[in-house]
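# Examination of the molecular architecture
Residue strings, one per chain:
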Amino acid sequence: MMLLVACRRRLADERPKIASFGDLGDAVFGAHGRFAVDVMLVLSQASFCIGYLIFISNTMAHLYPIFAPSASALLSPKALFIWAMLPFQLGLNSIKTLTLLAPLSIFADVVDLGAMGVVLGQDVAAWLAEPPPVVAFGGPAALLYGLGVSVYAFEGVGMVLPLEAEAANKRKFGVTLGLSMAFIAVMYGLFGVMGYVA
């Protein structure tokens, strides 16, 4: 991730207005580079967003079975939760600057850390009460799923250049990013190991 920032900083003398991945693609490969980078970013971010919506709707439909099953796929309980979340998602997507999202992001981080703490506590309690047998390897499907989760955990790479562009102290950005990534890796690793063991 820091290679992207270093590349942007190196090209800053020639093109001082590089604030996004599309700008970086344009600086290196021209208009075709911008188009290719923007298409890949839209596809990856849309895929992550769709993944989030599906995960949340599956969870909500399981926890709150308030909608009756429907023959139409567009009116199924999971789809109705997605339709309910869509206006909020579109509203958040219309915010053009990251600084306006900071309070919401801090709130989401606090809730996320609290939820992870609760799940880790339940995992430890389940493990201490009766340690289940642990299977070392669940087959190729489990390996592919694990790789997908690993990639998914670091899907924020598309935000590195915009975050660095809006950072108050750009000199400390690399250290802050490195510490944040290390913390996320440790949390996800601990979360995965405890979920696997319990």
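Residues numbered from 1 in each chain as written. Predicted model: local features only at pLDDT ≥ 70, side-chain atom pairs only at ≥ 80, totals over all residues. Heavy atoms only, no water.

On to the confidence of the model for the chain. In this model, the chain carries an average pLDDT of 81, and 93% of its residues clear a pLDDT of 70 or more. Mean pLDDT across the elements of the chain bottoms out in helix α6 (residues 140-153) (69) and peaks in helix α5 (residues 102-129) (87). (pLDDT = per-residue confidence, 0-100. Helix = DSSP H or I, 4+ residues; strand = E, 2+ residues; numbered from the N terminus.)

On to α5, then. Taking 1.5 Å of rise per residue, the 28 residues of α5 would be expected to cover 40 Å, and the 40 Å separating its terminal C-alpha atoms lies within 8% of that figure. Turning to α5, its buried residues number three or more, namely Met116, Leu120 and Asp123. Residues of α5 that are buried in the fold lie against α8 (173-197). (Expected span 1.5 Å × (residues − 1). Buried < 20%, exposed > 50% of the residue type's maximum accessible area, 1.4 Å probe, protein only. Contact = heavy atoms within 4.5 Å.)

Bringing the side chain of Asp123 into the picture now. Note on placement: Asp123 falls in helix α5. Buried charge without a salt bridge: Asp123, with Lys78 as the nearest opposite-charge side chain at an N-O distance of 22 Å. Among all residues touching Asp123, those that are not within four sequence positions of it are Phe191, Met194, Gly195 and Ala198. (Lys, Arg positive; Asp, Glu negative; His and termini not counted. Salt bridge = Lys/Arg side-chain N within 4 Å of Asp/Glu carboxyl O.)

Helix α4 (residues 77-93) packs onto helix α3 (residues 31-63) with a crossing angle of 130 degrees between their chain directions and a minimal axis gap of 8 Å. The angle between the axes of α3 and α4 places the two elements in the oblique class. The crossing of α3 and α4 is right-handed. Residues Cys49, Leu53, Ile54, Ile56, Ser57, Asn58, Met60 and Ala61 of α3 lie in contact with α4, whose contacting residues are Pro77, Lys78, Phe81, Ile82, Met85 and Gln89. Among the residues forming the contact of α3 with α4, the class breakdown is 10 nonpolar, 3 polar and 1 charged. (Axes fitted to C-alpha atoms, helices over the stretch in contact; angles between N-to-C directions. Parallel < 35°, antiparallel > 145°, perpendicular 65-115°, else oblique. Left-handed = near helix turned anticlockwise from the far one by under 90°. Nonpolar A, V, L, I, M, F, W, Y, C, P; charged D, E, K, R; others polar.)

Within the fold, Leu86 resides in helix α4. A relative accessible area of 27% places Leu86 in the partly exposed class. Through-space distance from the C-alpha of Leu86 to that of Phe29 is 35 Å; in sequence the pair is 57 residues apart.

Going through the model one piece at a time under the given rule, you end up with 2 salt bridges. With its nearest N and O atoms 2.7 Å apart, the salt bridge here joins Asp23 to Arg34. Remark: Arg34 occurs in helix α3 and Asp23 occurs in helix α2 (residues 21-29); sequence separation between them is 11 residues. We classify Arg34 as partly exposed; its relative accessible area is 29%. The partner of Arg34 in a salt bridge is Asp26, with the nearest N and O atoms 4.0 Å apart. Among the charged side chains, a network of salt bridges with common partners joins Asp23, Asp26 and Arg34.

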